[in-house]
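What follows is each chain in one-letter form.
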Amino acid sequence: MKKILITGGAGFIGSHVVRRFVNQYPHYEIVNLDKLTYAGNLANLTDVEKAPNYSFVKGDIVDAHFVNQLFADHNFYGVIHLAAESHVDRSIADPMAFVMTNVIGTVNLLNTARIAWKDNMADHRFYHVSTDEVYGELHDPSTFFTEQTAYDPRSPYSASKASSDHFVRAYHNTYRLPVVVSNCSNNYGSHHFPEKLIPLMIHNICQNKPLPVYGKGENVRDWLFVEDHARAIDLIFHEGKNGETYNIGGFNEWKNLDLVHLLCQIMDQKLGRAEGTSAQLITYVTDRAGHDLRYAIDAHKLMNELGWTPSVTFEQGLEKTVEWFLANQTWLDNVTSGNYANYYDSMYLNR
Ligand code: NAD
Ligand code: TDX
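Predicted model only: the values in this text are computed from it and were never measured.

Enquirer: Mind laying out the overall build of the protein, listing which residues take part and the relevant values?
Expert: When helices and strands are tallied, the protein shows twelve helices and twelve strands. In terms of C-alpha radius of gyration, the protein reaches 20 Å, essentially the compact-globule figure of 20 Å for 351 residues. In terms of its C-alpha atoms, the protein occupies a principal-axis envelope of roughly 65 × 50 × 40 Å. Once local pairs closer than 6 in sequence are excluded, the contacts in the protein between residues at least 24 apart make up 82%. Averaged over its 29 positive side-chain charges, the protein has a centre that lies 4 Å from the centre of its 40 negative ones.

The structure is reproduced here in structure tokens:
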């Protein structure tokens, strides 16, 4: 049994990665390490929590003593590192939380792994999951972010992720730590925390609340279905070349305002409302400070070298996503009221 540590496995993307690895690889033992911040929710993993090859550990990647002890207790073959503070607006309000988890937490994991693996470094793998935001913003509509694009982070969130990416590559160069890095575009799908654009809009449409569009809604994002990201992570973890970076994206660019209109249309149909009802909730609000204009990923390296392609169209992925949110109102109510914080106590402390 190979033991794999997945950090941030109770979050949005992490829970999809944990689910995939637990189900696809019964011969791996998956250890999910998560601090359970506001964004971490064990209810994201109810379908796999009793699997014999899955276990959960509550802890903070910033705590060096704790991380050292975890590596001493388990002989990890590999790490898939997703734990992070992930919301740009929160990084503007509280940058230090992003420095602590995204930078210090990542360096803690790197340090511990290099010491634990020093006698047989080549037999291991450290996978760092990162974002397209490290490349900055694009203005010319014909350009895309490639793996060669120079870093130009412009928000505290992207600066902290860029810093962590640099540390990961520095550990590869300096200590020969066997790393792979991926930089992915905006994800969407089930279990997405409703502070991010798509789940926030779905939630507010259901509740008949205003739909806050920042600025004029002209900023462009490149959207990828979260299960396709998890599939790419699986492929890169197993077949990616040591020391390499892979960009992941869906070639699926949308202006925010167009996307919100599309969601309003889908939701009107699903909720049996007259066409145009939900769009009346659109409200223009003050723009995000330093709001990046456009992100767009060139994913050709991943497609050509490892044979990855997205499995669903945006229409299919969005349909599945909306249906999941409508069928899981309790999940949405719990995360918006904070009730899920009690879930850990009932599942893990009282049994
Ligand atoms: P998320 O905010 O939904 O989940 C983050 C998880 O990390 C949570 O479960 C949280 O409890 C945990 N965590 C936070 N601080 C921790 C700490 N100090 N110690 C241990 N656990 C901690 O984030 P997400 O959207 O699932 O993103 C996961 C990763 O993917 C992040 O590294 C993010 O930068 C990257 N990413 C996200 C997107 C996206 O669109 N969401 C796109 C590209 C890359
Ligand atoms: O209420 C809103 N109104 C609005 O217009 C929110 C929450 C967002 N927006 C805009 C800002 C962005 O242009 O929508 C776009 C998407 O915003 P977010 O969902 O906050 O995502 P973004 O800032 O693009 O970052 C996301 O993609 C890359 C993730 O949150 C990051 O973790 C990931 O690395």
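Enquirer: So what about the site of ligand 1? Which residues, and what values?
Expert: Lining the immediate environment of ligand 1, one finds 28 residues, of which I13, D34, S86, Y157 and K161 sit closest. Between ligand 1 and K161, the relevant distance is 2.7 Å, taken from an oxygen atom to a side-chain nitrogen or oxygen of the residue. In isolation ligand 1 has 830 Å² of accessible area, and contact with the protein removes 97% of it. Counting only elements with at least two residues in the shell around ligand 1, the list comes to α1 (12-24), β5 (125-131), α5 (156-175) and β7 (186-188). Top contributing element to the shell around ligand 1 by residue count: β5, with three residues. Class assignment of the residues belonging to the shell around ligand 1 gives a composition of twelve nonpolar, twelve polar and four charged.

Enquirer: Tell me about a nonpolar patch on the surface, and please be specific about residues and values.
Expert: Judged by side-chain polarity, M96, V99, M100 and I104 come together as a nonpolar surface patch covering roughly 330 Å² of accessible area. Along the chain, I104 falls in helix α4 (residues 95-116). Judged by relative accessible area, I104 falls into the partly exposed class, the value being 37%.

Enquirer: Give a detailed account of α4, specifying residues and quantitative values.
Expert: In this model α4 runs 31 Å from its N-terminal to its C-terminal C-alpha over 22 residues, within 8% of the 32 Å that 1.5 Å per residue would give. The largest bend in α4 amounts to roughly 25° and is located at I104. Lining the buried residues of α4 we find β1 (2-7), α2 (64-73), β4 (76-81), α3 (88-93), β5 and α5.

Enquirer: Give a detailed account of the site of ligand 2, specifying residues and quantitative values.
Expert: For ligand 2, the set of nearby residues contains 20 residues, the closest of which are T131, E133, Y157, R288 and H291. Between ligand 2 and the protein, one listed contact pairs an oxygen atom with a backbone N or O atom of Y214 at 2.9 Å. At 2.7 Å, a side-chain N or O of H291 approaches an oxygen atom of ligand 2. Considering ligand 2 on its own, with 640 Å² of exposed area, one finds that the protein chains cover 93% of that surface. Secondary structure elements with two or more residues in the shell around ligand 2: α6 (197-207) and β8 (211-214). With three residues, β8 is the largest single contributor of residues to the shell around ligand 2. Each residue belonging to the shell around ligand 2 can be placed in one class, and the counts come to eight nonpolar, seven polar and five charged.

Cut-offs used in this document
- Residues numbered from 1 in each chain as written.
- Chains lettered and ligands numbered in written order.
- Predicted model: local features only at pLDDT ≥ 70, side-chain atom pairs only at ≥ 80, totals over all residues.
- Heavy atoms only, no water.
- Helix = DSSP H or I, 4+ residues; strand = E, 2+ residues; numbered from the N terminus.
- Rg over C-alpha atoms; globule rule 2.2 N^0.38 Å.
- Contact = heavy atoms within 4.5 Å.
- Lys, Arg positive; Asp, Glu negative; His and termini not counted.
- Charge placed at Lys NZ, Arg CZ, Asp CG, Glu CD.
- Near = heavy atom within 4 Å.
- Polar contact = N/O pair within 3.5 Å; in protein donor to acceptor, adjacent residues only side chain to side chain.
- Areas by Shrake-Rupley, 256 points an atom, 1.4 Å probe, with all protein chains shown as cover.
- Nonpolar A, V, L, I, M, F, W, Y, C, P; charged D, E, K, R; others polar.
- Patch = residues over 30% accessible without salt bridge, like charges linked within 9 Å, V, L, I, M, F, W, Y side chains within 5 Å.
- Salt bridge = Lys/Arg side-chain N within 4 Å of Asp/Glu carboxyl O.
- Buried < 20%, exposed > 50% of the residue type's maximum accessible area, 1.4 Å probe, protein only.
- Expected span 1.5 Å × (residues − 1).
- Bend = angle between axes of the 7 residues up to and from the residue.

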